[in-house]
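What the coordinates show
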Amino acid sequence: MRQQVLVLYLASSALDSDVVGWSRYDGTGRTRPTTGDSDEPPYSTGLAALHDGWRLFQASQLLPPQSGHEYDVSFLKHEFFFEKVEDSSRP
């Protein structure tokens with residue numbers, strides 16, 4: 001059994017908000033995704049990933065912006081980690 005990991009950055013903290021960034025990692029070795037290898041996200045929302053069988057195992061903390069820094073540009077804060085566990089012996 002091997003783990004596949006999907007990281008989705010959403011427009012807000014709601015799982016049904018739009019995906020604005022993503023990363024994929026495949027511990028089975030069947031695929032080798034890389035940054036920027038697609039113009040389209042693998043799912044339109046985090047909820048769509050759940051519907052496809054991905055399990056949510058971590059969401060970033062909701063931290064309010066510091067006073068006076070509400071419009072600063074920084075990291076993508078609505079980060080969600082999903083996983084699938086696949087049998088690596090299957091083709």
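Scroll up to find the structure this text is about.
A brief report on the enclosed structure follows. (Residues numbered from 1 in each chain as written. Predicted model: local features only at pLDDT ≥ 70, side-chain atom pairs only at ≥ 80, totals over all residues. Heavy atoms only, no water.)

To continue, consider the overall build of the chain. A count of helices and strands for the chain gives one helix and four strands. For the C-alpha atoms alone, the extent of the chain along its principal axes is close to 55 × 25 × 20 Å. Each of the 91 residues in the chain was classed as buried or not, and the buried ones make up 26%. Across the chain, the fraction of contacts at a sequence separation of at least 24, relative to all contacts at a separation of at least 6, is 66%. Within the structure as shown, the chain displays about 6500 Å² of accessible surface, and the carbon and sulfur contribution to it stands at 51%. Where the 8 positive side-chain charges of the chain centre and where its 13 negative ones centre are 11 Å apart. (Helix = DSSP H or I, 4+ residues; strand = E, 2+ residues; numbered from the N terminus. Buried < 20%, exposed > 50% of the residue type's maximum accessible area, 1.4 Å probe, protein only. Contact = heavy atoms within 4.5 Å. Areas by Shrake-Rupley, 256 points an atom, 1.4 Å probe, with all protein chains shown as cover. Lys, Arg positive; Asp, Glu negative; His and termini not counted. Charge placed at Lys NZ, Arg CZ, Asp CG, Glu CD.)

We now examine the environment of Tyr9. Relative to the helices and strands, Tyr9 is located in strand S1 (residues 2-10). What makes Tyr9 buried here is its relative accessible area of 18%. Taking C-alpha positions, Tyr9 is 24 Å from Ser67, a pair spaced 58 residues apart along the chain. If we ignore the near neighbours within four places in the chain, the residues touching Tyr9 are Asp18, Val19, Val20, Gly21, Trp22, Leu76, His78 and Glu79. Within polar-contact distance, the side chain of Tyr9 engages the side chain of Glu79 at 2.9 Å. (Polar contact = N/O pair within 3.5 Å; in protein donor to acceptor, adjacent residues only side chain to side chain.)

Let's shift gears to the pairing of strand S4 (residues 79-86). Here S1 runs beside S4; their pairing, made up of eight bridges, is antiparallel. Across the sheet, Gln3 pairs through a bridge with Val85, a residue of S4. With four bridges connecting them, strand S3 (residues 55-59) and S4 associate as antiparallel partners. Residue Gln58 lies in a different strand from S4, and its bridge partner there is Phe81. (Pairing = 2+ DSSP bridges.)

This paragraph deals with the pairing of S1. Among the nine residues that make up S1, seven are buried, leaving the element largely enclosed by the rest of the structure. Here seven bridges tie S1 to strand S2 (residues 19-26), and the two strands are oriented antiparallel to one another. Note on S2: the bridge partner recorded for Leu6 is Arg24.

What follows concerns the pattern of salt bridges. According to the stated counting rule, one finds two salt bridges in the structure shown. Linking Asp52 and Lys84 is a salt bridge whose minimum nitrogen-to-oxygen distance equals 3.8 Å. Here the residue Asp52 occupies a position in the loop between helix H1 (46-51) and S3, and Lys84 occupies one in strand S4, the gap between them amounting to 32 residues. Residue classification places Asp52 among the partly exposed residues on the basis of a relative accessible area of 39%. When the shortest N-O distance is used, the salt bridge between Glu83 and Arg55 registers 2.4 Å. One end of the pair, Glu83, is in strand S4; the other, Arg55, is in strand S3, and 28 residues separate them in sequence. (Salt bridge = Lys/Arg side-chain N within 4 Å of Asp/Glu carboxyl O.)

Interpretation in functional terms is not warranted from these geometric data alone.
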